[in-house]
Amino acid sequence: MLDLKFIRDNIDAVRLNIKNKNESADVDQIPQLDEKRRSIIQEVEKLKNLRNVVSKEIAQLKKDGQNADDKIASMKDVSDNIKRLDDELRITEEQIYQVQLYIPNMTGPDVVAGKSAADNQIIRSWGDEYKKEVERNHIDIATDLAIIDFERGAKVSGSGFAFYRGKGAKLERALINFMLDYHLDNHGYTELMSPYLVNEKSMYGTGQLPKMAEDMYHAQEDNVYLIPTAEVPITNYHYDEMLPNEKLPIKYCGFSPCWRREAGSYGKEVRGFLRVHQFNKVEMVNFSRPDKSWEQLEILLSEAEDIVKALKLHYRVLRLCSGDTSFASSMTYDIEVWSPGEKNWLEVSSCSNFTDFQGRRANIRFRPEPNAKPEFIHTLNGSGLATSRIMVAMLEQYTDSDNCFHVPEALRKYTGFETISKND
RNA sequence: GGAGAGGUGGCAGAGUGGUUGAAUGUGGCGGUCUCGAAAACCGUUGUACGGGCAACUGUACCGAGGGUUCGAAUCCCUCCCUCUCCGCCA
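Residues numbered from 1 in each chain as written. Chains lettered and ligands numbered in written order. Predicted model: local features only at pLDDT ≥ 70, side-chain atom pairs only at ≥ 80, totals over all residues. Heavy atoms only, no water.

**Focus: the domain arrangement of chain A**
- Here the domain parsing of chain A yields domain 1 (4-100) and domain 2 (117-420).
- Taking the mean C-alpha position of each, domain 1 and domain 2 sit 44 Å from one another.
- Counting residues at the interface gives 4 residues for domain 1 and 7 residues for domain 2.
- Area buried by domain 1 at its contact with domain 2 is led by N20, K21 and E23, which between them contribute 77% of it.
- If you look at where domain 1 meets domain 2, you find 1 salt bridge.
- The interface formed by domain 1 and domain 2 holds 6 residue pairs in polar contact (both at pLDDT 80 or more) in total.
- Here the residues of the side of domain 1 that touches domain 2 are counted per class, giving no nonpolar, 2 polar and 2 charged. (Domains from an automatic or database assignment. Contact = heavy atoms within 4.5 Å. Buried area = accessible area lost by both parts, 1.4 Å probe. Salt bridge = Lys/Arg side-chain N within 4 Å of Asp/Glu carboxyl O. Polar contact = N/O pair within 3.5 Å; in protein donor to acceptor, adjacent residues only side chain to side chain. Nonpolar A, V, L, I, M, F, W, Y, C, P; charged D, E, K, R; others polar.)

As structure tokens, this is what we get:
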């Protein structure tokens, strides 16, 4: 959410930003609604002041045993007017809020205006030496090794769901544990294991609602949502809180499955693990002072890169253009690994600075100095990493011509085995 | 799911219609005393919005939202949450 005062003072920039982000929000009605809001406040507060003063006079008169009927009668009208104006104010503020909810975060200074993924900037790439030519993609390999079962996933749950089986399941667990341990041991994170169902308020707090309602699984009976990312519970962990300045930045990481309906995305990149309704991810969340958040974003990105490097996978880093930068994000870096089977880049991490956008929605603040006014915190998060596409790249990268998968060095102490072959 | 109790300031805890933004305690901050500290004593200690260049000032906030009333922390309704007991259950 953007600050109302900011919108009022920067209406043109806000309008341009909406356009650059391919969003639609009718910001034009804000100035007059805000004007109306303020004039109502001034009027109603005058009346309330009058009411307070006269009420005290009435109390005094009664205490002195005198008659106060005249004053009470004269206040009746005032009271009715207050009620009417308060209603009007409430409606006006609700109208403003409903517009505000759909206004995206302002993009950061380094974000170029652009329409689509084609306009994203390539920042760097790494691990050229790990490129490899393969004939089979991850689906063939995994099916052949019987470590991932897409068919039965579809039978039991629907397309976009899969079973990990045998050594495949253990490999997945190894990957998750490796990533978590890496961040805990090397990057100073505190682990959070979170709820996977969250309430509506949390979804508004991080900005998934109201815009993304269609993309989430919703349990109507209890009005809770399956999380599309651990960002939601972990960021909202500090909902309505004042964070101690001396503890900043506060860094949490956590594993969770992620559920996404992916409504309307059929036909593209849906094969196998490329786009699924449920996948596993380790998420990193950072609560930062505003003056440090851009610096923290670079650190967060490097922490995610460390994982890909440790797995020795060829990857590149992109800075997303405005059109590709998500609703709540100010700036986002994507990490993409090379899939030899797809001959394409696959997104495995998104690292974003949300500035104060989520902090304002979720009311998470801190005090810059002991007696200073509270300010909204900056939040950042990044995948570190999503496993399904890492699994794609690993399977294609590390399976030899004899159809034997070699576990990457970094994962061996977690798997307890070094290879996976057909009859394991 | 059934029955009951409760949600007040950083925390604890008074307050059942009229100078209550809220007693009191405690914690925090500043000070006096002290070589220093403790104790004691004094002072101070919320947020949001509006107006004002500012000092300042107005309004609101006692779980949330409605209602009654000239006036609500206090009365009524709805919802949320916590706790206790019973039932069910991994």
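**Thoughts on the confidence of the model for chain A**
- Across chain A, the average pLDDT comes to 92, with 98% of residues at 70 or higher.
- At the low end of the mean pLDDT range in chain A sits strand 8 (residues 242-243), at 86; at the high end sits helix 10 (residues 293-310), at 98.
- As scored by the predictor, the complex reaches a pTM of 0.92 and an ipTM of 0.83. (pLDDT = per-residue confidence, 0-100. Helix = DSSP H or I, 4+ residues; strand = E, 2+ residues; numbered from the N terminus.)

**Section: the sheet that holds strand 6 (residues 218-219)**
- The strand order across the open sheet formed by 3 strands is 5-7-6, and the pairing between neighbours is antiparallel. Edge positions in the open sheet fall to strand 5 (197-199) and strand 6, since each of these has one partner strand only.
- Inspection of the sheet shows strand 5 paired to strand 7 (residues 224-226) by 3 bridges, in the antiparallel sense. Bridge assignment links V198 to a residue of strand 7, and that residue is Y225. (Pairing = 2+ DSSP bridges.)

**Notes on the pattern of salt bridges**
- Tallied over the full model, the rule gives 26 salt bridges.
- Of the charged contacts, one joins E23 and K211 as a salt bridge, the two residues approaching to 3.1 Å between their closest N and O atoms. Here the residue E23 occupies a position in the loop between helix 2 (11-20) and helix 3 (30-63), and K211 occupies one in the loop between helix 8 (200-206) and strand 6, the gap between them amounting to 188 residues.
- What makes K211 partly exposed here is its relative accessible area of 32%.
- Within the structure, one salt-bridge network assembled from shared partners comprises R8, D34, E35, R37, R38 and E93. (Buried < 20%, exposed > 50% of the residue type's maximum accessible area, 1.4 Å probe, protein only.)

**What to know about the protein's contact with RNA strand B**
- Lining the immediate surroundings of RNA strand B are 25 residues, of which R37, N49, A59, S79 and R367 lie closest.
- Each atom of RNA strand B within 4 Å of the protein was classed as base or backbone; sugar and phosphate made up 73%.
- Here K5 contributes a side-chain N or O atom positioned 3.4 Å from a phosphate oxygen of RNA strand B.
- At 3.1 Å, a side-chain N or O of K76 approaches a phosphate oxygen of RNA strand B.
- Of all the elements in the fold, those that place two or more residues in the surface near RNA strand B are helix 1 (4-9), helix 3 and helix 4 (69-100).
- The biggest single contributor to the surface near RNA strand B is helix 3, with 13 residues.
- Taken together, the residues that form the surface near RNA strand B break down as 6 nonpolar, 5 polar and 14 charged. (Near = heavy atom within 4 Å.)

**Things to note about the nonpolar core**
- Residues L311, L313, V337, I390, M394 and F405 are the most contacted members of the largest nonpolar core, which totals 58 residues.
- Aside from chain neighbours lying at most four places away, what touches L311 is L175, F178, I390, M394, Y398, P408 and L411.
- I18, I103, F354 and F357 belong to the second-largest nonpolar core, a separate cluster that totals 18 residues. (Core = buried A, V, L, I, M, F, W, Y, C linked by side-chain atoms within 4.5 Å.)

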